[in-house]
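# Structural characterization, general
Below are the chains, spelled out letter by letter.
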Amino acid sequence: MGLSETPTVKDGYDLVVIGGGYSGMGAAISAARMGCKVALIQDRPVLGGNGSSEVRVWAMGLIRRGRFPRVGEIIEEFCDHAKKSPGTFEEFGDAKKEEIVRAEKNIDLFLNHHAFNVEAKAGNIQAVAVFDTRTSEQKIFKGKFFADCTGHGTIGYVSGADWDMTPS
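First, a word on scope: everything that follows refers to the structure included in this document. Please read all numbers here as calculations on a predicted model, not as lab measurements.

Quick notes on the rules
Residues numbered from 1 in each chain as written. Predicted model: local features only at pLDDT ≥ 70, side-chain atom pairs only at ≥ 80, totals over all residues. Heavy atoms only, no water. Helix = DSSP H or I, 4+ residues; strand = E, 2+ residues; numbered from the N terminus. Expected span 1.5 Å × (residues − 1). Buried < 20%, exposed > 50% of the residue type's maximum accessible area, 1.4 Å probe, protein only. Contact = heavy atoms within 4.5 Å. Phe/Tyr/Trp six-rings, centres within 6.5 Å; stacked < 30°, edge-to-face > 60°.

## Digging into helix α1 (residues 22-33)
For α1, built from twelve residues, the straight-helix expectation of 16 Å at 1.5 Å per residue is met to within 8% by its first-to-last C-alpha distance of 16 Å. Within α1, burial applies to Y22, G24, M25, G26, A28, I29, A31 and A32. Among the structural elements, β1 (8-18), β2 (38-41), α2 (73-78), α3 (94-102) and β3 (107-110) are those in contact with the buried residues of α1. Backbone geometry just downstream of α1 places G35 in the positive-phi region, at approximately 95°.

See the structure below:
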């Protein structure tokens, strides 16, 4: 797609989730099961983020604890059961994660799509600009609500939201 071509507009979403790690998957699945139309945008070819076969950081089973033990129920559906970190490729269940997301009729999954900019008015995101990392095709995603589940807060930062990073 050339720079002069108009991006494809993807509209009608109740929630646009940017980031397909555990938090993004949990947000997308939860919203979809409550009847929301969801776009789940992940910049990699697999879901799971740090909990995918690409990075291989194990969940260690620490997903249902504290004052709200039911919060982790959705995550428990797709979390890994690796024996160590990093574990083997197979232990992270990339195919299982994708199968669970694709089984949700209210989720449109966009793997290999990188969000790089936003349109915001009065502090509210109106749309997110995305490109397909395989084809460079650009798309604009419009929705009522947006969730930055990128792990690094890029979408929140670009939108002008309060943002802070603590030096390590």
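Anyway, onward from the coordinates.
## A word on the packing of aromatic side chains
Within this structure, the stated rule accounts for four aromatic pairs. On the numbers, 6.3 Å between centres and 35° between planes, the contact of Y13 with F141 is tilted. One end of the pair, Y13, is in strand β1; the other, F141, is in strand β6 (residues 138-148), with 128 residues separating them in the sequence. Take Y13 and F141: they sit in the same class, and that class is buried. Geometrically, the ring pair formed by Y22 and F78 is edge-to-face, given 5.3 Å between the ring centres and 90° between the ring planes. Residue Y22 is found in helix α1, and its partner F78 is found in helix α2; the two are separated by 56 residues along the sequence. For the pair Y22 and F78, one class covers both residues: buried. Through a chain of ring-to-ring contacts, three or more aromatic side chains come together here, namely Y13, F110 and F141.

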